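# Architecture at a glance
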Amino acid sequence: MYLAGRKIFFKMNIFVRLQFLLFFFCGFISIALAQDLLKTDKGYPVIIHADTLFHVKNKLGALSAAERAQRTTDKIKALDNDLFFIADSLLTVPDSMVFDIAYKGNILLSISKADADSMQVTPDVLAATYQQLILQHVKKYKSETDLAELLKRGAMGTLILLILVLCIYYMNRYFNRFTAWILLKFKKRAGRIRIKDYNLINKDTEVMLIKKALGIFKYFLFFLLIYLTLPLIFRLFPWTKPWGDNLINFIVNPLKNIISSVVDFIPNLITIIVIYIVFHYVKKVIRFLANEIEADKLKINGFYADWAKPTYNIVRLVLNAFMIVVIWPFIPGSNSDIFKGVSVFLGLIISFGSSSAISNGVAGMVITYMRPFKIGDVVRIGEIQGTVLEKSLLVTRLQTTKNEIITIPNSAILNGNTINYTSLCRDDGLIIHTTISIGYDIGWQKIHELLIAAALKTEGISSDRMPFVLQTSLDDWYVSYQINAYTNSPERMAPIYSELHKNIHEAFDGAGIEMMSPHYQAIRDGNASTIRSEKQDDIEK
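Under an unreviewed UniProt entry, the protein has the name Transporter, small conductance mechanosensitive ion channel MscS family protein and belongs to Sphingobacterium spiritivorum ATCC 33861. According to the UniProt record, the Sequence similarities (unreviewed entry) comment for the protein is "Belongs to the MscS (TC 1.A.23) family." The UniProt entry for the protein carries the following comment under Subcellular location (unreviewed entry): "Cell membrane".

### Points about the overall build of the protein
Helix and strand counts for the protein stand at 16 helices and 15 strands. Going through the 541 residues of the protein one by one, you find that 27% of them count as buried. Partitioning the intrachain contacts of the protein with sequence separation of at least 6 by distance along the chain shows that 56% fall at a separation of at least 24. Summing over all exposed atoms, the protein offers an accessible surface of approximately 36100 Å²; the carbon and sulfur share of this is 64%.

### A few points about the packing of aromatic side chains
Under the criterion given, the structure shown has 13 aromatic pairs. Note on Phe-223 and Tyr-227: the rings are 5.8 Å apart at their centroids and 40 degrees apart in plane angle, and the pair reads as tilted. Of this pair, Phe-223 and Tyr-227 both sit in helix 7 (residues 203–234), four residues apart, which is roughly one turn of that helix. Their ring planes at 90 degrees and their centres at 5.7 Å tell us that Phe-303 and Trp-307 sit as a pair that is edge-to-face. A relative accessible area of 26% places Phe-303 in the partly exposed class.

### Topic: the UniProt feature "transmembrane region" (unreviewed entry) in the protein
UniProt tags residues 150–171, 219–238, 258–279, 314–331 and 343–370 as "transmembrane region" (unreviewed entry). For the annotated span residues 150–171, helix accounts for 100% and strand for 0% of the residues, and the straight-line distance between the end C-alpha atoms is 31 Å. Summarising residues 219–238: 80% helix, 0% strand, and an end-to-end C-alpha distance of 31 Å.

### Considerations on helix 5 (residues 123–144)
Taking 1.5 Å per residue, 22 residues should reach 32 Å; helix 5 reaches 31 Å between its end C-alpha atoms and fits that length. If you check which residues of helix 5 are buried, you get Leu-126, Ala-127, Tyr-130, Gln-131, Ile-134, Leu-135, His-137, Val-138, Tyr-141 and Glu-144.

### Focus: the nonpolar core
Counting 25 residues, the largest nonpolar core has Ile-447, Leu-451, Tyr-481, Ile-504 and Phe-508 as the members making the most contacts within it. Of all the secondary-structure elements, those providing two or more residues to this core are strand 13 (430–439), helix 13 (444–457), strand 15 (478–487) and helix 14 (493–510). Apart from the residues within four sequence positions on either side, Ile-504 is in contact with Thr-434, Leu-451, Ala-454, Ile-483 and Met-515. Formed by 23 residues, the second largest nonpolar core is a distinct cluster that contains Ala-69, Phe-85, Leu-108 and Ala-127.

### A few points about the packing of helix 3 (residues 65–80) against helix 5
As a packed pair, helix 3 and helix 5 sit with axes 9 Å apart at the nearest point and diverge in direction by 40 degrees. With respect to helix 5, the axis of helix 3 lies oblique. Judged by the sense of rotation from one axis to the other, the crossing of helix 3 with helix 5 is right-handed. On the side of helix 3, the interface is formed by Ile-76, Leu-79 and Asp-80, while helix 5 contributes Ile-134, His-137, Val-138, Tyr-141 and Lys-142. Of the residues in the contact of helix 3 with helix 5, the class split is five nonpolar, one polar and two charged.

### What to know about the sheet that holds strand 15
Within the open sheet, the three strands sit side by side as 13-15-14. Their pairing is antiparallel. Each edge of the open sheet carries a strand with a single partner, namely strand 13 and strand 14 (468–474). When strand polarity is set aside, the average angle formed by the axes of neighbouring strands in this sheet is 25 degrees. In terms of strand pairing, strand 13 meets strand 15 through ten bridges, oriented antiparallel. Of the residues in strand 15, the one forming a bridge with His-433 is Asn-484. Where helix 13 meets the sheet, its contacts fall on strand 13, strand 14 and strand 15, and the angle it forms with strand 15 comes to roughly 30 degrees.

### Examining the pattern of salt bridges
When the charged atoms of two side chains with opposite charge come close together, those side chains can pair. Applying the stated criterion across every chain, the model contains six salt bridges. Between Asp-115 and Arg-68 there is a salt bridge, with its nearest N and O atoms 2.8 Å apart. Placement of the pair is Asp-115 in helix 4 (residues 113–119) and Arg-68 in helix 3, with a sequence separation of 47 residues. The burial state of Asp-115 is the same as that of Arg-68; both residues are buried. A salt bridge links Lys-299 to Asp-296; its shortest N-O distance comes to 3.9 Å.

### Some words on a nonpolar patch on the surface
A surface patch of nonpolar side chains, about 1000 Å² in accessible area, is lined by Ile-248, Phe-250, Ile-251, Val-252, Leu-255, Ile-258, Val-262, Ile-266, Ile-270, Val-274, Val-278 and Val-282. Within the fold, Leu-255 resides in helix 8 (residues 241–294). Accessibility expressed as a relative area gives 49% for Leu-255, which makes it partly exposed.

### Some details on the side chain of Asp-115
Assessed through its relative accessible area of 8%, Asp-115 is described here as buried. Apart from residues no more than four positions distant in its own chain, Asp-115 is found in contact with Asn-58, Arg-68, Ser-110 and Leu-126.

### Observations concerning the pairing of strand 9 (residues 384–391)
Alignment of strand 8 (residues 378–381) against strand 9, held across four bridges, turns out to be antiparallel. When the bridges of strand 9 are listed, Val-379 appears paired with Gly-386. Between strand 8 and strand 9, which pair antiparallel in sequence order, lie two residues; one of them, Gly-382, sits at a positive phi of approximately 65 degrees. In sequence, strand 9 turns back onto strand 10 (residues 395–399) through a hairpin of three residues.

Procedures and definitions
Residues numbered from 1 in each chain as written. Predicted model: local features only at pLDDT ≥ 70, side-chain atom pairs only at ≥ 80, totals over all residues. Heavy atoms only, no water. UniProt positions renumbered as here; feature names shortened; annotations may be inferred. Helix = DSSP H or I, 4+ residues; strand = E, 2+ residues; numbered from the N terminus. Buried < 20%, exposed > 50% of the residue type's maximum accessible area, 1.4 Å probe, protein only. Contact = heavy atoms within 4.5 Å. Areas by Shrake-Rupley, 256 points an atom, 1.4 Å probe, with all protein chains shown as cover. Phe/Tyr/Trp six-rings, centres within 6.5 Å; stacked < 30°, edge-to-face > 60°. Expected span 1.5 Å × (residues − 1). Core = buried A, V, L, I, M, F, W, Y, C linked by side-chain atoms within 4.5 Å. Axes fitted to C-alpha atoms, helices over the stretch in contact; angles between N-to-C directions. Parallel < 35°, antiparallel > 145°, perpendicular 65-115°, else oblique. Left-handed = near helix turned anticlockwise from the far one by under 90°. Nonpolar A, V, L, I, M, F, W, Y, C, P; charged D, E, K, R; others polar. Pairing = 2+ DSSP bridges. Salt bridge = Lys/Arg side-chain N within 4 Å of Asp/Glu carboxyl O. Patch = residues over 30% accessible without salt bridge, like charges linked within 9 Å, V, L, I, M, F, W, Y side chains within 5 Å.

This is the structure:
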């Protein structure tokens, strides 16, 4: 029958077998927890030399159940130490309201009707039962502490120790051989452990780590063997039996507590998983809507497409924070003082260490909804001019005409001035301008004509809208003329300015008008002109 059951079990597929084992394991845990619960309902135990004789549930007169159990324990221990114990002197004596279990007139325990009712028997039956349990315990203890029995147990303990020493000796001997064999095999196959180009562990280091790991494992086996042997020796003698039980409980109780905690956490774990799934799909819906708005498939009046992604990030952050708040009470140990202390400590570190980051983050959100610029716009922020490459929550990155990447904190942008050269250039055009100063001896009509001609000759200047000249000042020795021209290519401002200046220079040279301030004429020989002649060009060539 056993073989048939085993064949049926192994013919099952792996999923069914796992379900069967899980069901069996959960049932075993449930039975163990139910037994523990029943034990807690039995009352206060009477424990003598690590043996539980019975439990006391009810109080009697002024004595509580705990006090009755403790008094009975002390009196039974006194019987164990009585060298002249007489079994016939342990009697049950009926009284008016109770049944007393007494030894030579000394009452060990009084059984009341309430005690009998809690066990669903009559008081005389319960008293007789407890009397027999006490009598059996005392006789067992006397037999275990008999000199001949102690000698036998001592010999058995010595034999166990001898076996332990032999086991350790041969384990050490053969384990060393095993280690040498493993290292010999491993040296032939060992190689380097690399992370890309970084050599994390070389061959020799790898062999050394394997050797140390095997050594640690060997001493762990020795410790485990000694730890499991000591309870066997301690339980041979009544006086050391509690020590053996404690050694076993050091391992069993933590494992029991871990299993019990895991089982108790299962309902909370299911709740956490459900909460996480709900928030996860809510965020997926919001992300889908944000992607639709960003792709201009979904339009909302007053809500710009470039707001979609940052708004989603803000909503996701709020939802994650709210999810943590909802999940927090279901986390094991969340109500403990240590957990609260660590949480407060981490909160203080974050608040003190991220003040600038928070200010930049707030500034980044404000800038996002102010919309002073977009990715690809040509802007000037303070003294820095360039193309916007990246907008993040904390910083903005610009690429200058010198191909430099400059990172600017968002708080600096919010507190300063920003010039956007791109925002209106595609519709109205960006006006670029430059100023020259010419003396009063040249007519302004000629100056206007030359400047406009030079501007129209410049590549990148729009011909749809005519350039214009402004006379910005009338100074003592000259007039300041400012040429203004439209362009739709703000990203090419530097080469446009360069070509414009070149064309102005050529236009004025061609017209025979020198572009020199009269101040220069006052401190030079005025007979010579700065206008380049064709003869000078031929000489240089």
